[in-house]
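Structural overview
Listed here are the chains, written in short residue letters.
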Amino acid sequence: MVQGKFKILDDLDLYKTLTCGQAFRWGLYRDGKFSYAKLDGEGFIWSIVYNNFLALKQEKDYIYYKSSSDKFYIPQIGKTLNIEEFLHFYFKFDKNITELYRIMEKDRILKDALIHRGIRILRQEPFETTITFIFSAQNTVYNIAKSVYLLSKKYSKDLIFPTPEFISKLKVEDLKELPVRFENRVISAIEFSKHVLNGFNLYKLVNYNYELAHQTLTSIKGIGNKIADCILLFSLDFDEAFPIDVHIKNMVFKYYRDELNLKENRSLTDKEYKTISAFFRRKYGKWAGWVQEYLYALSRKPDIS
DNA sequence: GTCCAGGGTGGCG
DNA sequence: CGCCACCATGGA
């Protein structure tokens with residue numbers, strides 16, 4: 001057990017960042033149950049990240065932390081970090097978000113999204129992120145969180161996220177209770193785990209360029225354009241990835257219809273997805289994914305925070 | 001009851 | 001290519 005406080009190096013809204021829809025394991029763990037996005041009596045929010053139990057609370061310019069260990073092994077960079085190095089890594093304090101705010105202030109739509117300032121993109125664990133977003137298809141944040149929780153509970157009492165070995169040995173019937181929308185989501189998760197065991201190195205994608213990394217992921221069955229972009233943005237450091245879900249699609253049709261020459265609001269073809277995604281990538285570069293997250297926050301109903 | 005949620009695949013023209 | 005059927009949970 002390690003505890004202390006970490007001086008925040010750049011703008012951060014801890015709660016919004018952990019509950020804006022990029023991470024699904026932050027909340028309250030009590031009595032063998034998990035309540036997504038809930039705080040404990042002391043105002044801490046809990047999770048299991050990179051195999052450690054971790055509790056965080058923000059007070060002004062500090063993050064107060066309690067961790068089950070001071071060692072965080074980060075497979076995609078092959079290094080072990082201590083808790084403070086980890087927080088720096090996880091919240092991407094190597095990026096100065098005021099640069100993004102200056103871009104947003106000048107934009108007719110994005111300036112409204114500044115009410116959500118403090119949201120940062122996280123560096124999450126890639127294998128966990130992949131399985132999580134495979135579960136996300138046409139599903140709610142609450143049910144995605146519940147699915148990941150039930151899967152982890154099946155693996156260990158500590159609620160550590162399961163290994164590829166464990167998931168690859170599961171049968172569809174073992175995961176009947178997961179509230180995923182389609183059975184093929186469970187099948188894809190199991191098949192992806194087998195793919196990893198057969199030698200597919202997810203972590204080496206950090207060294208690819210965006211196009212190749214995206215193409216590599218979408219060539220895997222069960223992973224399409226949107227899920228690939230979520231994996232790249234939320235776990236593999238591709239800040240230029242621009243995932244387009246239904247909310248983003250609606251925002252694009254509402255505010256960018258003329259610029260993108262879009263006609264009616266219907267589901268996107270593969271070509272349209274790539275055109276829209278590339279449009280924002282060209283416009284915002286390494287901030288495109290962050291812009292996407294602020295548009296997402298703006299479009300979501302204020303049920304959380 | 002109806003509507004919708006951080007989608008993807010395969011088949012057909 | 002574009003379009004479309006299909007998959008088949010749970011909360012508001």
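Bear in mind that the values here come from a model prediction, so they are computed numbers and not experimental data. (Residues numbered from 1 in each chain as written. Chains lettered and ligands numbered in written order. Predicted model: local features only at pLDDT ≥ 70, side-chain atom pairs only at ≥ 80, totals over all residues. Heavy atoms only, no water.)

1. Some details on the environment of Asn184
Defined as follows: A run of DSSP states H or I qualifies as a helix once it reaches four residues; a run of E qualifies as a strand once it reaches two. Both are numbered from the N-terminal end.
Inspection of the secondary structure assignment puts Asn184 in helix 7 (residues 183-197). In this structure, the C-alpha to C-alpha distance between Asn184 and Phe135, residues 49 residues apart in sequence, is 9.4 Å.

2. Some points on the environment of Lys33
Quick note on the threshold: Pairs of residues are marked as contacts when any of their non-hydrogen atoms sit within 4.5 Å.
Within the secondary structure layout, Lys33 lies in strand 3 (residues 33-36). It is 29 Å that separates the C-alpha atoms of Lys33 and Glu84, two residues lying 51 residues apart in sequence. Excluding residues that lie within four positions of it along the chain, Lys33 makes contacts with Leu28 and Tyr149.

3. What about the packing of aromatic side chains?
For clarity, the cut-off: Here a pair means two rings of Phe, Tyr or Trp (six-membered ring of Trp) with centres within 6.5 Å. Their orientation is stacked below 30 degrees between planes, edge-to-face above 60, and tilted elsewhere. To sort residues, take the accessible area from a 1.4 Å probe on protein chains only and compare it with the maximum for the residue type: under 20% means buried, over 50% means exposed, and anything in between is partly exposed. The rule for a charge over a ring is simple: NZ of Lys or CZ of Arg within 6 Å of the ring centre, and within 35 degrees of the ring normal.
In this structure the tally under the stated criterion is 25 aromatic pairs. Consider the rings of Tyr90 and Phe91, whose centres lie 5.2 Å apart with planes at 85°: the pair is edge-to-face. Exposure class is identical for Tyr90 and Phe91. Each is buried. Pairing Phe127 with Phe192 gives two aromatic rings, centres 6.0 Å apart and planes at 20°, and the pair type is stacked. Pair noted here: Phe127 is in helix 4 (residues 126-134) and Phe192 is in helix 7, with a separation of 65 residues, a long-range link. Across the pair, Phe192 and Phe127 agree in class, each one buried. An aromatic cluster of at least three residues, connected via ring pairs, comprises Phe6, Trp26, Tyr50, Phe72, Phe86, Tyr90, Phe91 and Phe93. Against the face of Tyr62 rests Lys5, its NZ or CZ located 4.4 Å from the ring centre. Above the ring of Phe89, the side-chain terminus of Arg123 is found at 5.0 Å from the ring centroid.

4. Topic: the protein's contact with DNA strand B
Going by this rule: We call a residue near a molecule or strand when any one of its heavy atoms sits within 4 Å of it. We define a polar contact as two N or O atoms separated by no more than 3.5 Å, with the added condition that, inside protein, one atom must be a possible hydrogen donor and the other a possible acceptor, whereas residues neighbouring each other in sequence contribute only through side-chain atom pairs.
Surveying the vicinity of DNA strand B reveals 29 residues, the closest of which are Gly21, Gln138, Val141, Gln292 and Glu293. Looking at DNA strand B alone, sugar and phosphate atoms form 56% of those within 4 Å of the protein. A distance of 2.9 Å is found between a phosphate oxygen of DNA strand B and a backbone nitrogen or oxygen belonging to Gly224. A distance of 3.1 Å is found between a phosphate oxygen of DNA strand B and a side-chain nitrogen or oxygen belonging to His247. Where the surface near DNA strand B is concerned, the elements lending two or more residues are helix 9 (225-235), helix 10 (246-255) and helix 13 (288-299). If one sorts the elements of the surface near DNA strand B by residue count, helix 9 sits on top with four residues.

5. Focus: the protein's contact with DNA strand C
Put simply, the rule is: Gly is put with the polar residues, along with every residue not named as nonpolar or charged; the nonpolar set is Ala, Val, Leu, Ile, Met, Phe, Trp, Tyr, Cys and Pro, and the charged set is Asp, Glu, Lys and Arg.
Every residue near DNA strand C is listed here: Asn143, Pro179, Val180, Arg181, Phe182, Glu183, Arg266, Thr269 and Lys271. Residue Arg181 places a side-chain N or O atom 2.7 Å away from a base oxygen belonging to DNA strand C. At a separation of 3.2 Å, a phosphate oxygen of DNA strand C approaches a polar side-chain atom of Thr269. Of the residues assigned to the surface near DNA strand C, the class counts are three nonpolar, two polar and four charged.

6. Some remarks on the pairing of strand 5 (residues 52-59)
Short version of the rule: Strands were regarded as paired on the criterion that DSSP finds at least two bridges between them.
As paired strands, strand 4 (residues 45-49) and strand 5 are joined by five bridges and run antiparallel to one another. Bridge assignment links Ile48 to a residue of strand 5, and that residue is Phe53. Count of turn residues in the strand 5/strand 6 (residues 62-67) antiparallel hairpin: two residues, of which Lys60 carries a positive phi of about 50°.

7. Considerations on the side chain of Lys92
Tracing the backbone shows Lys92 in the loop between helix 2 (83-90) and helix 3 (98-105). Exposure remark for Lys92: the relative accessible area of 0% places this residue in the buried category. A polar contact is formed between the side chain of Lys92 and the side chain of Asp237, at a distance of 2.8 Å. Beyond its immediate stretch of four places on either side in the chain, Lys92 contacts Arg120, Ile121, Leu122, Arg123, Leu233, Asp237, Asp239 and Trp290.

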